[in-house]
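A closer look at the structure
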Amino acid sequence: MLPKDALDSSLEMVIDLRDRNFAALLAWLIPGAGHMYQGRWGKGVLFAVCILGTFAFGMYLGEGNVVYAAWGDDPSQHRLPYVLQIGVGAPALPALVQANFDSRPFGDFMAPPKLGPQTIFENGKQRTDPDELAQWNRRIPGFELGTVYTMIAGLLNILAIFDAWGGPVFFVGGGQRREDDEPKPPGSASS
Amino acid sequence: MLPPLLLALAATKLWYLMPLVVSISLVYAATRHELVDEIIKHAIRFGIWIVGFMGVVFGLIYFLSRGL
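These numbers come from a predicted model, not from an experiment.

**A few points about the overall build of chain A**
Across its full length, chain A carries seven helices and two strands. Of all 191 residues assigned to chain A, the portion counted as buried reaches 42%. The contacts in chain A between residues at least 6 apart in sequence include a share of 52% that link residues at least 24 apart. Surface exposure of chain A reaches about 10,800 Å², of which carbon and sulfur atoms provide 61%.

Below, the structure is given as structure tokens:
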């Protein structure tokens with residue numbers, strides 16, 4: 001339960017956060033699920049739609065190739081955006097599986113790009129790129145934008161996780177200071 | 001002729017900003033309030049602030065780059 005003095009002065013509300021550690025875990029795993037667990041259905045649906053929608057749109061722009069995990073000895077192959085994309089939770093977890101198994105259990109879905117020269121046929125002509133990542137950057141116009149969208153989805157879910165764990169940061173009076181916070185001129189009597 | 005064309009091409013990508021502004025505004029506002037009315041009001045104010053700030057930065061960069 002939130003303490004009463006943390007409440008918005010314009011309304012009376014009590015928010016039951018229940019087991020907030022579990023709510024935070026759920027909020028990470030599935031955006032909005034932590035809030036739904038707490039009975040905060042409106043916000044849960046809002047977070048789910050906004051965060052998953054942003055993530056899905058990013059995947060669409062990048063033709064499904066923008067979320068993958070890659071690390072190793074060569075720093076140029078490290079996929080740093082994944083550090084933020086994993087903030088979305090379960091939707092980004094297949095990339096971890098794909099990165100750890102050479103057999104690629106999910107096919108090419110969220111799989112890291114293949115190394116070495118890659119040749120494809122485009123418009124009847126054979127085209128070779130230095131590696132599959134270079135091919136994606138050349139062939140997919142929305143690759144960078146899709147990466148940005150999925151990263152932002154992960155960051156937004158971090159905010160949602162904090163909200164599930166600690167409740168909202170209430171404004172008091174819509175940004176105006178309360179009367180007892182107003183500075184008083186020197187020598188005036190307090191009310 | 002070329003600079004306005006390039007600007008027009010770049011501007012079409014700016015439409016991709018809109019879903020992001022909506023999403024970020026709503027999620028940020030939702031972390032500040034609990035009631036949907038308050039969330040939407042704050043999200044609208046925040047979205048306008050984002051677009052306005054970016055507009056100011058755009059104007060500044062455009063003005064500074066005019067002599068280049």
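**Focus: the overall build of chain B**
Helix and strand content of chain B: three helices and zero strands. N-terminal to C-terminal, the α/β element order of chain B is α-α-α. Going through the 68 residues of chain B one by one, you find that 24% of them count as buried. Accessible area of chain B: about 5,000 Å², with a carbon and sulfur share of 79%.

**Remarks on the pairing of strand β1 (residues 118-122) of chain A**
Residues and elements named next belong to chain A. Here β1 pairs with strand β2 (residues 125-129) via five bridges, running antiparallel. Residue pairing across strands places Glu122 opposite Lys125, the latter belonging to β2. Remark: two residues form the turn of the hairpin made by β1 and β2, two consecutive strands paired antiparallel; Asn123 in that turn has positive phi of roughly 50°.

**A word on the packing of aromatic side chains**
For the structure on display, the rule yields 10 aromatic pairs over all chains. Taking the centre distance of 6.0 Å and the plane angle of 25° together, the rings of Phe57(A) and Tyr60(A) count as stacked. Of the two residues, Phe57(A) and Tyr60(A) are both situated in helix α3 (residues 41-61); the distance of three residues between them amounts to about one turn of the helix. Measuring from ring centre to ring centre gives 4.5 Å for Tyr28(B) and Phe46(B), while their planes differ by 15°; the resulting arrangement is stacked.

**Looking at the nonpolar core**
Judged by nonpolar contacts, the single largest core of 32 residues is most densely connected at Phe47(A), Ile51(A), Phe55(A), Val67(A) and Tyr82(A). Secondary-structure elements contributing two or more residues to this core are α3 and α7 (143-166) of chain A together with α2 (17-30) and α3 (36-64) of chain B. Considering every element that reaches this core, the biggest residue donor is α3(A), with seven residues. Here Val67(A) is in contact with Phe55(A), Met59(A), Tyr82(A), Gln85(A), Ala92(A), Ala95(A), Met110(A) and Thr150(A), once residues within four sequence places are set aside. Residues Ala23(A), Ala24(A), Tyr37(A) and Ala164(A) belong to the second largest nonpolar core, which totals eight residues.

**Structural notes on the interface of chain A and chain B**
Note: interface size is frequently given as the accessible area lost on complex formation between the parts. Taken together, the contacts link 22 residues of chain A with 15 residues of chain B. Across the chain A-chain B interface, the total number found is two salt bridges. For Arg40(A), the salt bridge goes to Glu34(B), with nearest N and O atoms at 2.8 Å. For the pair chain A and chain B, the number of links is eight residue pairs in polar contact (both at pLDDT 80 or more). Only α3 and α7 of chain A provide two or more residues apiece to the side of chain A that touches chain B. Sort the elements by how many residues they give to the side of chain A that touches chain B and α3(A) lands first, with eight residues. Its residues assigned to classes, the side of chain A that touches chain B shows 18 nonpolar, one polar and three charged.

**Quick notes on the environment of Trp165(A)**
Residue and element names in this part refer to chain A. The residue Trp165 is located in helix α7 in this model. Between the C-alpha atom of Trp165 and that of Asn21, which follows or precedes it by 144 residues, the distance is 6.3 Å. Trp165 has contacts with Leu17, Arg20, Asn21 and Ala24, leaving out every residue within four places of it along the chain.

**Points about a nonpolar patch on the surface**
Residue and element names in this part refer to chain B. Taken together, the side chains of Trp49, Phe53, Met54, Val57 and Ile61 present a nonpolar region at the surface, about 520 Å² in accessible area. Along the chain, Trp49 turns up in helix α3. You can call Trp49 exposed: its relative accessible area is 55%.

**Regarding the confidence of the model for chain A**
Residue and element names in this part refer to chain A. When the pLDDT values of chain A are averaged, the result is 83; 82% of them are 70 or greater. Counting contacts from residues 3-10, a segment whose pLDDT is below 50, to residues more than four positions away or on other chains yields 10 contacts. Segment residues 172-182 is flagged for pLDDT under 50; beyond a separation of four residues in sequence, or across chains, it makes eight contacts in the model.

Reading the values: the criteria
Here the residue numbering is sequential within each chain, running from 1 through the sequence in written order. Here the convention is simple: chains get letters from A, ligands get numbers from 1, in the order in which they are written. Confidence filtering applies because this is a predicted model: local features only for residues at pLDDT of at least 70, side-chain atom pairs given and counted only at 80 or more, and all residues used for totals across whole chains, interfaces and linings. The basis for every side-chain value is the complete set of heavy atoms in the structure, and neither hydrogens nor water enter the calculation. Each helix is a run of DSSP H or I of at least 4 residues and each strand a run of E of at least 2, with the numbering of both proceeding from the N terminus. Residue exposure (1.4 Å probe, protein chains only): buried if accessible area is under 20% of the type maximum, exposed if over 50%, otherwise partly exposed. Residue contacts are defined here by distance: any two heavy atoms, one from each residue, within 4.5 Å place the two residues in contact. Here the Shrake-Rupley method, with its probe set to 1.4 Å, supplies the accessible areas, and only the displayed protein chains count as covering residues. Here, strands pair whenever DSSP counts at least two bridges between them. When the centres of two rings from Phe, Tyr and Trp lie within 6.5 Å, Trp using its six-membered ring, the rings pair. Their planes under 30 degrees apart give stacked, over 60 give edge-to-face, and anything left gives tilted. By nonpolar core we mean a set of buried residues, namely Ala, Val, Leu, Ile, Met, Phe, Trp, Tyr and Cys, connected to one another through side-chain atoms within 4.5 Å. The rule for a salt bridge is simple: a side-chain nitrogen of Lys or Arg has to be within 4 Å of a carboxyl oxygen of Asp or Glu. Nitrogen and oxygen atoms within 3.5 Å of one another constitute a polar contact, given that in protein one can donate a hydrogen and the other can accept it, and given that sequence-neighbouring residues count only through two side-chain atoms. For this classification, Asp, Glu, Lys and Arg are treated as charged, while Ala, Val, Leu, Ile, Met, Phe, Trp, Tyr, Cys and Pro are nonpolar and the rest, including Gly, are polar. Note that patches include only residues with greater than 30% relative accessible area and no salt bridge, and the join distances are 9 Å for like charges and 5 Å for nonpolar side chains (Val, Leu, Ile, Met, Phe, Trp, Tyr). Note: pLDDT gives the predictor's confidence per residue, expressed from 0 to 100.

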